[in-house]
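# Per-entry structural report
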Amino acid sequence: MNKRSIKYFLIFGLLILGYGSSSQEVDGSAIFATNCAACHTIGQGQLVGPDLEGVTEKYAKQWITRFIRESQAMIEEGDEKAVAVFNAYNMIPMPPVPLNDEQIDALIDHIAKVSKDEPEPEPPVTEKKVAARPSVAKQAKGGLPAEQRAATRKAMMTGIWVAFGALTVMGIGIWWATRS
C-alpha cells in the first residue's frame, strides 16, 4: 500500500467514525425505542409501566425529567405523584435512565408529539408510602409498534457503523505504528 492509499483509508475511517459522533439532531423516537419501549407505549396501552400517552399534559417537564433519572429516589422521598404512579403499576421500579438533558428533551418532545389530545387520568394519590422493593416485573404484552421497530433498527445500524469505523481506524493505526 502506498502513502496515498493509506491517507484515503484514514480519511474514510474518520468519516465513518464521525458519522456516528457528529452533532446530529437527537432522535427522541430512537431514544424511546432503546430506553423506554420495553416497558412503555404511547397510546398502545399499558405494558409493565404506564402508557405514556398524555403524560406531558399531566406532569411538568421538570418533574418528568427527574422521574426519568431517579424515580426511586422520588418515591423514597415521598413525592405524592411518584408514589401514586409506583402504586398504580404494581410497585415495579423504573430503573434510572442515564440520558443527558438534550436527550430527555427530545424524548419528552417525542412523547408529546405522538400523544393524543386527551390525556389518561392521573392515578389517585394515596397516603401509603412504599418502602419495600417490588416483585418481579410482568412480561410485556405484544410487540413494538412499527415506528419504534424502525427507530431501534436505525439506532442499531448507526452503532454498527460507528463500531466498524472505530475498528477500521484502530486497525490502520496499529498497522501504521508497526510497519517497518
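Here the structure is a predicted model, which is why all the values come from computation and not from measurement. (Residues numbered from 1 in each chain as written. Predicted model: local features only at pLDDT ≥ 70, side-chain atom pairs only at ≥ 80, totals over all residues. Heavy atoms only, no water.)

Next up on the list: the overall build of the protein. Broken down by element type, the protein carries seven helices and zero strands. When the helices and strands of the protein are read in sequence order from the N terminus, they spell out α-α-α-α-α-α-α. By the burial criterion, 33% of the 180 residues in the protein qualify as buried. Within the protein, residue pairs in contact and separated by at least 24 positions form 73% of the contacts whose partners lie at least 6 positions apart. Put simply, the protein shows about 11500 Å² of open surface, and 59% of that area lies on carbon and sulfur atoms. (Helix = DSSP H or I, 4+ residues; strand = E, 2+ residues; numbered from the N terminus. Buried < 20%, exposed > 50% of the residue type's maximum accessible area, 1.4 Å probe, protein only. Contact = heavy atoms within 4.5 Å. Areas by Shrake-Rupley, 256 points an atom, 1.4 Å probe, with all protein chains shown as cover.)

Here the focus is the nonpolar core. By size, the foremost hydrophobic cluster in this structure holds 26 residues, and its most contacted members are Phe32, Trp63, Leu107 and Ile111. Going through the elements one at a time, α2 (28-35), α4 (61-77), α5 (80-88) and α6 (101-114) are the ones with two or more residues in this core. Counting residues per element, this core draws most heavily on α4, which supplies six residues. Apart from residues no more than four positions distant in its own chain, Ile111 is found in contact with Phe32, Ile42, Leu52, Val55 and Thr56. (Core = buried A, V, L, I, M, F, W, Y, C linked by side-chain atoms within 4.5 Å.)

Here we take up the confidence of the model for the protein. Per-residue pLDDT for the protein has a mean of 77; in total, 69% of the residues score no lower than 70. Summarising per-element confidence for the protein, the mean pLDDT is lowest in helix α1 (residues 3-21) (55) and highest in α4 (90). Every residue in residues 132-142 is under pLDDT 50, and counting partners more than four places away or in other chains gives 18 contacts. (pLDDT = per-residue confidence, 0-100.)

Our focus in this paragraph is α6. Its 14 residues give α6 an end-to-end C-alpha distance of 20 Å, which sits within 8% of 20 Å, the value for a rise of 1.5 Å per residue. Residues Ile104, Ala106, Leu107, Ile108, His110 and Ile111 constitute the buried set of α6. Looking at the buried positions of α6, the neighbouring elements they touch are α2, α3 (55-58), α4 and α7 (146-178). Two or three places before Glu102, at the opening of α6, Asn100 has a side-chain oxygen 3.0 Å from that residue's backbone nitrogen. (Expected span 1.5 Å × (residues − 1). Polar contact = N/O pair within 3.5 Å; in protein donor to acceptor, adjacent residues only side chain to side chain.)

Tracing the backbone shows Thr41 in the loop between α2 and α3. Relative accessible area serves as the criterion here: at 5%, Thr41 is assigned to the buried category. A polar atom in the side chain of Thr41 sits 3.3 Å from the backbone nitrogen of Gln44. A distance of 2.6 Å separates the side chain of Thr41 from the backbone oxygen of Gly45, its partner in a polar contact. Not counting chain neighbours up to four residues away, the residues in contact with Thr41 comprise Phe32, Leu47, Pro50, Asp51, Leu52 and Glu53.

With that settled, the discussion passes to the environment of Asp109. Here Asp109 is to be found in helix α6. Once the C-alpha coordinates of Asp109 and Lys61 are considered, the two residues, 48 residues apart in sequence, prove to be 9.9 Å apart.

With that out of the way, let us pick up the packing of α4 against α5. Viewed as axis vectors pointing N to C, α4 and α5 meet at an angle of 75 degrees, and their least axial separation amounts to 10 Å. As judged from the angle between their axes, α4 and α5 are roughly perpendicular. Facing Trp63, Phe67, Gln72, Met74 and Ile75 of α4, the residues of α5 in contact are Lys81, Ala82, Val83, Val85 and Phe86. Class assignment of the residues belonging to the contact of α4 with α5 gives a composition of eight nonpolar, one polar and one charged. (Axes fitted to C-alpha atoms, helices over the stretch in contact; angles between N-to-C directions. Parallel < 35°, antiparallel > 145°, perpendicular 65-115°, else oblique. Nonpolar A, V, L, I, M, F, W, Y, C, P; charged D, E, K, R; others polar.)

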